[in-house]
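Geometric and topological summary
Given next are the chains, with one letter for each unit.
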Amino acid sequence: MNGPARIAMRLFLSGCLLAVAGCAGVQSALEPAGREAERIGQLFWWMVAGGAIIWVIMVSLTLYAVYLHKGPHPERLTRWLVIYGGAIVPTLILIFLLSFGLAMLPDLVRPAPRGSMVVEVHGLQWWWRVRYPRPDGEAVELANEVCIPVDQPVEFHLASEDVIHSFWVPSIGGKVDMIPGRKTRLVLHPTKTGIFRGTCAEYCGTSHAWMSFYVRVVTRDEFDRWLARESQNSKTPELPAARRGAALFLSSGCGACHAIRGTRADGKVGPDLTHFGSRHSVAAGALPHDSASIEHWLRRSRHIKPEVHMPAFDMLGGEQMNDLVAYLEQLQ
Ligand code: CUA
């Protein structure tokens, strides 16, 4: 192999490696952790296999025509190639793939069996309101995080409070649009426990790319314990810094947008923060959950998420900021 060819080959191989590396992780449709994702994964691999076979045949024919058989081809053979290769074979392959895909549809759009768990998720620019309806008609509300039990179907009721968003957890299942004024449904049946990442799959404004969330799939017992904890009001802060932070939260007006159950903060515009300290991310998947990120978000919200409704609180002094972060972190 000469110099440029070797470089081209190395670039190609590195590209393949990078592409394959992107197929793993908490947000991969190619590592299914749910029944729906398994079906979609099968369809994907059938499409890849079909495409690969057609590609090999086409490249072989091209090489044959260019290098091995340079002269004119007999008219009968070329007509045969055009009719079979150009019309009949592609039609048969497309019919097969279409039937294969359509046969999956009933399974993917069937409602969950009666009595299945329901989780309501609303999309907003650029975060997720998550509600677990309770038998008494009330609901446990949280944000940017979903917890569901493994090995049972869960019906998501999806809606939007502003523009069109799309709810997608690639590892567990397909995606469904969240449309203002309408309720759409999606059934997910997780088969593995773990933490998975979901994201908004419909362009919904400047910070669309910063609209993600985490899904925790746990055993039924763990789920019941989790829901019982989420149903409780927030803890009264014990440490002096957190107590000062709680007062600052109310005096700075945070409670006009955010609710923290058990306090005077009852805003409905922004995410419910009652158990904020136990979540896996800050600002709907934009930042990891640690004190440095919380401070970064409070000071520079619009720098991190352009056009976000939450104003930056950069006027707070160092001490005040530490108190506020201490309060938010202990909201377990
Ligand atoms: Cu919400 Cu894109």
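Shown above is the structure to which this text applies.
Right, let's walk through the structure included here. (Residues numbered from 1 in each chain as written. Predicted model: local features only at pLDDT ≥ 70, side-chain atom pairs only at ≥ 80, totals over all residues. Heavy atoms only, no water.)

**Side note on helix H7 (residues 318-329)**
- Over its 12 residues, H7 extends 16 Å from the first C-alpha to the last, a length consistent with the 16 Å expected when each residue adds 1.5 Å.
- Turning to H7, its buried residues number three or more, namely Met321, Asp323, Leu324, Val325, Tyr327 and Leu328. (Helix = DSSP H or I, 4+ residues; strand = E, 2+ residues; numbered from the N terminus. Expected span 1.5 Å × (residues − 1). Buried < 20%, exposed > 50% of the residue type's maximum accessible area, 1.4 Å probe, protein only.)

**What to know about unusual backbone geometry**
- Put simply, glutamine 125 and tryptophan 126 share a cis peptide bond, and its omega is -5 degrees.
- The residue tryptophan 126 is located in the loop between strand S1 (117-124) and strand S2 (127-133) in this model.
- Notably, aspartate 151 is not glycine yet its phi reads approximately 60 degrees, a positive angle.
- One can find aspartate 151 in the loop between strand S4 (145-149) and strand S5 (154-160).
- Look at alanine 284: it is not a glycine, yet its phi comes out positive at around 55 degrees.
- Along the chain, alanine 284 falls in the loop between strand S11 (281-282) and strand S12 (287-288).
- A relative accessible area of 0% means that alanine 284 is categorised as buried.

**Re the side chain of serine 301**
- For serine 301, the position within the fold is in helix H6 (residues 291-304).
- With a relative accessible area of 0%, serine 301 lands in the buried category.
- Looking at serine 301, its side chain comes within polar contact range of the main-chain nitrogen of alanine 312, at 3.4 Å.
- With residues up to four places along the chain from it excluded, the contact list for serine 301 reads His296, Val308, Met310, Pro311 and Ala312. (Polar contact = N/O pair within 3.5 Å; in protein donor to acceptor, adjacent residues only side chain to side chain. Contact = heavy atoms within 4.5 Å.)

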